[in-house]
Amino acid sequence: MRKLRICLCAALLGCGVALQAQEAKTCFVNMPDSLSPLLTAVNRADCIDFLESKMKAEVTNTFGGKSQMTVLTPDYIRVQMTARSLWQMKLLDVNDSTKVICTVSTVNAPVADSHINFYTTQWQPLPLEAYLPACPVLGDFILPASDTTDVYNYEDAVRQADMRLMKVELSPKDASLTFRLTTPDYMDKETADKLKPFIRRPIVYVWKQGKFVPEASQVPTLP
């Protein structure tokens, strides 16, 4: 009987450690330095300690600048890495026992553009297409011309929008991704003003059955 109690306690302790390891803050601290060139493990742990203590979570990064964690929840972290770069991570359920990490890195250089990556909770890279099989393309953000559209201006503006730049936001409140087209921000003002009336509202993807898919109300046209 005593052995049984010991075994049960050990099992429960093991479960507790496993559950703790699935928290965003634990994954963040354990992130390999190769994936976190600006923040050391000590920096990352300090950010968490500061924020949990209701203090400003700002540290001096490896480049001598300032980085600040601004949001920490059990499954989400947001860090302003530099004045021009933002990093987010979200823990997402694949099934009852497996989670994956989604990260979004955004750089303003000078126009915001984001890159999405997926990892196991041990930070092993995962294929993007397995968890985001249909990332929005440029055409998904542009409304078609109507009968009252100035076709010349429309076609000229669309033709000059030759690069897809997007700002992507992970939600701290739910499992969703929001894509906003930033291509007009790099165009000259006159052309951007022509294009803006034809830009769709931001496109939202939701996490369903282990992958991000467009919300039913705004399914984009696949390439």
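From a predicted model like this one, the values you see are computed outputs, not experimental measurements. (Residues numbered from 1 in each chain as written. Predicted model: local features only at pLDDT ≥ 70, side-chain atom pairs only at ≥ 80, totals over all residues. Heavy atoms only, no water.)

## With respect to unusual backbone geometry
And then number 1: A cis geometry characterises the amide bond from Ala109 onward to Pro110, with omega recorded as -10°.
And then number 2: Note that Pro110 resides in the loop between strand E5 (99–108) and strand E6 (112–120).
And then number 3: Phi is positive for Lys54, close to 65°, though the residue is something other than glycine.
And then number 4: Exposure remark for Lys54: the relative accessible area of 77% places this residue in the exposed category.
And then number 5: Phi is positive for Trp123, close to 65°, though the residue is something other than glycine.
And then number 6: Note on placement: Trp123 falls in the loop between E6 and strand E7 (125–126).
And then number 7: Trp123 sits in the buried class, given a relative accessible area of 5%. (Helix = DSSP H or I, 4+ residues; strand = E, 2+ residues; numbered from the N terminus. Buried < 20%, exposed > 50% of the residue type's maximum accessible area, 1.4 Å probe, protein only.)

## So, helix H3 (residues 41–52)
And then number 1: Compared with an ideal rise of 1.5 Å per residue, which puts 12 residues at 16 Å, H3 spans 17 Å between its outermost C-alpha atoms and is within 8% of the ideal.
And then number 2: Buried residues belonging to H3 abut helix H2 (24–29), strand E1 (57–60) and strand E2 (66–73).
And then number 3: Within two residues after H3, Lys54 carries a phi angle of roughly 65°, on the positive side. (Expected span 1.5 Å × (residues − 1). Contact = heavy atoms within 4.5 Å.)

## Structural notes on the nonpolar core
And then number 1: Counting residues in hydrophobic clusters, the biggest one holds 29 residues, and the most contacted among them are Ile116, Phe118, Leu177, Phe179 and Phe212.
And then number 2: Contributing elements (two or more residues each) for this core: E5, E6, helix H5 (151–160), strand E8 (166–170), strand E9 (176–181), helix H6 (189–195) and strand E10 (203–208).
And then number 3: Sequence-distant contacts of Phe179, that is, excluding residues within four places in its chain, are made with Ile116, Leu132, Cys135, Pro136, Phe141, Met166, Lys167, Val168, Pro202, Ile203 and Tyr205.
And then number 4: If you look at the next biggest cluster of nonpolar residues, it comprises 20 residues, including Phe28, Ala57, Met69 and Ile77. (Core = buried A, V, L, I, M, F, W, Y, C linked by side-chain atoms within 4.5 Å.)

## Concerning the pattern of salt bridges
And then number 1: Taken as a whole, this structure holds 8 salt bridges when the rule is applied.
And then number 2: When the shortest N-O distance is used, the salt bridge between Glu52 and Lys25 registers 2.8 Å. Residue Glu52 is located in helix H3, and its partner Lys25 is located in helix H2; the two are separated by 27 residues in the primary sequence.
And then number 3: Judged by relative accessible area, which is 43%, Glu52 ranks as partly exposed.
And then number 4: Look at Lys25 and you get partly exposed, because its relative accessible area is 25%.
And then number 5: Put simply, Asp75 and Lys90 hold a salt bridge, and the shortest N to O gap is 3.5 Å. Placement of Asp75 in the loop between E2 and strand E3 (76–82) and of Lys90 in strand E4 (residues 85–93) is noted, with a sequence separation of 15 residues between them. (Salt bridge = Lys/Arg side-chain N within 4 Å of Asp/Glu carboxyl O.)

Honestly, that's just the spatial picture; any functional story needs more than this.
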